[in-house]
Amino acid sequence: NCSFNIDNLCIKIDYTVITTTTMNENNTHVCMQTMAMVDDKIEAFRVTTAKLAQSWETFTVRAWTKKKKSQSSSLFYNCSTDEDTQPYNRVSTSSNNRSVSHQHPVTVVFSSKDVVVQSLANIKSEDDNNYSTLALLHDNLQVIEDDALQGYGGTIEFDPSKLTTASRDLLKQAEVLISEPYVVAKLLEHNPNALASLQWCQSTYAGVDTLCKNANKILLPTWKLTRFAGCFGPPIAEWTIGRIIEHERSFVASQQDQHEQSWAKSKHAILNYRYLSTMTLTILGGCGDIGKHIAKAAKAFGMKTVGFGRTERRDPNDEDIQGIIDECTTSLEHALQQADYIVSVLPSTAETRYMLNGTTLKNCLTKKERPVFINVGRGDIISEESVLHALDQKWISHAILDVFEVEPLPNHSKLWDRKDVTISPHVSGLSQQPSDVTKIFIENYKRYINGEKLKFEVDFKKGY
C-alpha cells in the first residue's frame, strides 16, 4: 500500500505484486516487471488527475491493462479528499463472479466484421477521457466466435440452430449486443427468447431494414436499436464523385485501349464529356448525413445540388444545408426532372421500397442527355426489372449500382451483361478507420450507462 498527494488529491493504490512462500530469481523478475508496470500507470494517472477540477470531492476510476484470454489483471485506484479512505475493493473479473446491473451491463460482440472486434479489443485508456467507462466496458465485454456465423457483409451466412450451448447462453445474458441486423433477425426468428436480457442492440451497419421489416414480430418494446452512422458520409461521397468523374471521362474506355495496346482508339468517348460544373446532381435522401456529404463534395466541383426528402425542411435557410444543397424539394417528379446525375441514399422503409418502380424514371425525359442513375442506398428502392426497363426505354442512360434488390447479385441476373450498367459489391461505404466504429459505440455506451438518450436511435415505425 502506498499513498501520496497530487494537486490536493490523495491517491491510494492497493496492489498485490506476487504471493509466494519463497522468493527466487524467477519470481523476483516477475515482481520487478509488475512494479515497473504499476509505475507507468501511476505516471499516466498523475497527468490525468492534474487536470481534474479541485472542487471534485471524489473521483473513482479503474485503470485496466489489456487482457489475454488465458489471464487477466486489474489495477484499482481510488482518489478522495479523505486520506483515510480505504482502497477500492479488488473485484473478480471472472464471468462466474461478475454481478450484472444496468451500471455493469454484460456486453456481447457477435459479428462477422473482424474490424469491430479488433477495434473494441484494442481500446486504450488514452483514447478516452473517461477511464472508468473503458474499464467498465472491458470488464464486461464478451466476444462470441461461433462457426454458425460465416462470411462477411453481403455474403454473410448464419444458421442459429448450429450455435453452441455456450454461445446461446451468453446471448441470453447480453444486455448490450453488437451485431449485424441480419444476424439478430435470424436469431430471433429461430428463437424469440434468444436475447432474453437485451436492452440495447448496436447495429454494425447504417441500414437496419432487415430488423425493421419484422419489428412487430420479433422486437420487444423495451429494446433500443442504434445504427452505425456519422462515419459513412465521407467514403460514400468520395465513391460517388469518383464514379461520376470515371463515367464522364471514360476511364474504362482508356483502360480497354491500354489492354488492346491501342493509342486513342476510344477518342470519341474520351473527348465527349461534360464539366461537372455544368451539371445538376439530384440526391434522393439528400438532407441526411450521407446526402449532405455527397452534396458538399459535388459543390466543390461546382455542381448544382438538389435534395429530395419526404418531409419539408422547416427552415430553407438551415445552416446545415446552406451552401451545400441549392434546392430542397419533397416532389420526386421535380427532383428527377432537374437531374444530370441521380444518386439515391434512401433507406429501405415501407414508404421508400420500390419508390422508383414502374414509370417513375420517365420523369427524367426532360433532359436531352439522359441522366445517370447511381444507387448507394438500398437495393429495393427499385426492382431489377424496373432498372432494365428504364435503360431500355432510354429514360436513363446508365446505371451505376452498388446495392441490389438481392445480394449477392445472382449469376443469372441480366444486369451483369449490360454495357450500360456498372456493378460493385456493396462497397461504397467501407470504412478504413476502425476507430470510427469504436468512437460511435463508446459515445453511446457512456450515454447508456448514464441513462441518457442514445445517438442514432432507430424509430421502428419509420424504419430508420
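This is a predicted model, so every value here is computed, not measured.

Novice: It is not clear to me how the confidence of the model for the protein should be interpreted in this structure. Could you clarify?
Specialist: Caution is warranted with low-pLDDT regions, since their predicted coordinates should not be read in detail. Per-residue pLDDT for the protein averages 78, and the proportion of residues at 70 or more is 70%. Every residue in residues 1-23 is under pLDDT 50, and counting partners more than four places away or in other chains gives 57 contacts. Of the regions scoring below 50 in pLDDT, residues 49-101 engages in 103 contacts with residues more than four places distant in sequence or in other chains.

Novice: Help me understand the pairing of strand 13 (residues 304-308), please; the structure alone is not making it clear to me.
Specialist: Two faces, one strand: in a regular strand the side chains alternate between the faces of the sheet. Counting buried residues in strand 13 gives four out of five residues, a clear majority hidden from the surface. The pairing of strand 12 (residues 280-284) with strand 13 spans five bridges and is parallel. Within strand 13, the position partnered with Thr 282 by the bridge is Val 306. The handedness of the strand 12 to strand 13 crossover, carried by helix 11 (residues 289-300), is right-handed. Relative to strand 14 (residues 327-329), strand 13 runs parallel, the two sharing three bridges. Opposite Phe 308, over in strand 14, you have Thr 329 as the bridge partner.

Novice: Sorry, what's going on with the sheet that holds strand 10 (residues 200-203) here?
Specialist: Backbone-to-backbone hydrogen bonds pair the strands of a sheet. The strands run either parallel or antiparallel. The parallel open sheet is built from five strands, whose spatial order is 6-5-9-10-11. Taken across any chain shown, the strands that pair with only one partner, and hence form the sheet edges, are strand 6 (141-143) and strand 11 (224-226). Between one strand and the next, the sheet's axes are offset by a mean angle of 20°, whatever the strand orientation. Bridge analysis of strand 9 (residues 176-179) against strand 10 gives four bridges, and the strand direction is parallel.

Novice: I would appreciate a short explanation of the pattern of salt bridges in the present structure.
Specialist: Note on pairing: side chains with opposite charge can pair once their charged atoms come close. Within this structure, the stated rule accounts for 13 salt bridges. One salt bridge connects Glu 246 with Arg 243, and the closest N-O pair in it is separated by 2.8 Å. In this pair, Glu 246 and Arg 243 are both assigned in helix 8 (residues 233-248), three residues apart and thus about one turn of the helix distant. Given a relative accessible area of 22%, Glu 246 falls into the partly exposed group. Here Arg 243 falls in the buried class, since its relative accessible area comes to 16%. Between Lys 265 and Glu 260 there is a salt bridge, and its shortest N-O distance comes to 2.9 Å. The class of Lys 265 is exposed, set by a relative accessible area of 54%. For Glu 260, a relative accessible area of 37% translates into the label partly exposed.

Novice: Would you explain the nonpolar core in this entry?
Specialist: Nonpolar side chains tend toward joint burial in soluble globular proteins. Counting 45 residues, the largest nonpolar core has Leu 281, Ile 294, Val 343, Ile 374 and Phe 441 as the members making the most contacts within it. Top element by residues in this core is helix 14 (residues 434-449). It accounts for seven residues. Aside from chain neighbours lying at most four places away, what touches Ile 374 is Trp 239, Thr 240, Ile 244, Tyr 341, Ile 342, Val 343, Ser 344 and Ile 400.

Novice: Where do I start with the packing of aromatic side chains in this structure?
Specialist: Geometrically, a pair of aromatic rings is defined through the distance of the ring centres and the angle of the planes. Summed over the entire model, instances satisfying the criterion amount to five aromatic pairs. A centroid spacing of 5.4 Å and a plane angle of 15° characterise the contact between Trp 200 and Phe 441, whose relative ring orientation is stacked. Of this pair, Trp 200 sits in strand 10 while Phe 441 sits in helix 14, and the two are 241 residues apart along the sequence. For the pair formed by Trp 200 and Phe 441, the shared burial category is buried.

Novice: Would you take a moment to explain the sheet that holds strand 15 (residues 341-344) for this structure?
Specialist: What the seven strands build is an open sheet, ordered 14-13-12-15-16-17-18; its pairing is parallel. With one partner strand each, in any of the chains shown, strand 14 and strand 18 (421-423) form the two edges of the open sheet. Here the strands of the sheet are splayed against their neighbours by 15° on average, with no regard to which way each runs. Sheet topology note: the strand 15/strand 16 (residues 372-375) ladder contains four bridges and is parallel. When the sheet's bridge partners are listed, Ser 344 is paired in strand 16 with Asn 375. Against the sheet, helix 11 engages strand 12, strand 13 and strand 15, with an angle of about 175° to strand 12.

Here is what the cut-offs are and how they apply
Residues numbered from 1 in each chain as written. Predicted model: local features only at pLDDT ≥ 70, side-chain atom pairs only at ≥ 80, totals over all residues. Heavy atoms only, no water. pLDDT = per-residue confidence, 0-100. Contact = heavy atoms within 4.5 Å. Buried < 20%, exposed > 50% of the residue type's maximum accessible area, 1.4 Å probe, protein only. Helix = DSSP H or I, 4+ residues; strand = E, 2+ residues; numbered from the N terminus. Pairing = 2+ DSSP bridges. Right-handed = clockwise from strand over helix to strand, strands pointing away. Axes fitted to C-alpha atoms, helices over the stretch in contact; angles between N-to-C directions. Salt bridge = Lys/Arg side-chain N within 4 Å of Asp/Glu carboxyl O. Core = buried A, V, L, I, M, F, W, Y, C linked by side-chain atoms within 4.5 Å. Phe/Tyr/Trp six-rings, centres within 6.5 Å; stacked < 30°, edge-to-face > 60°.

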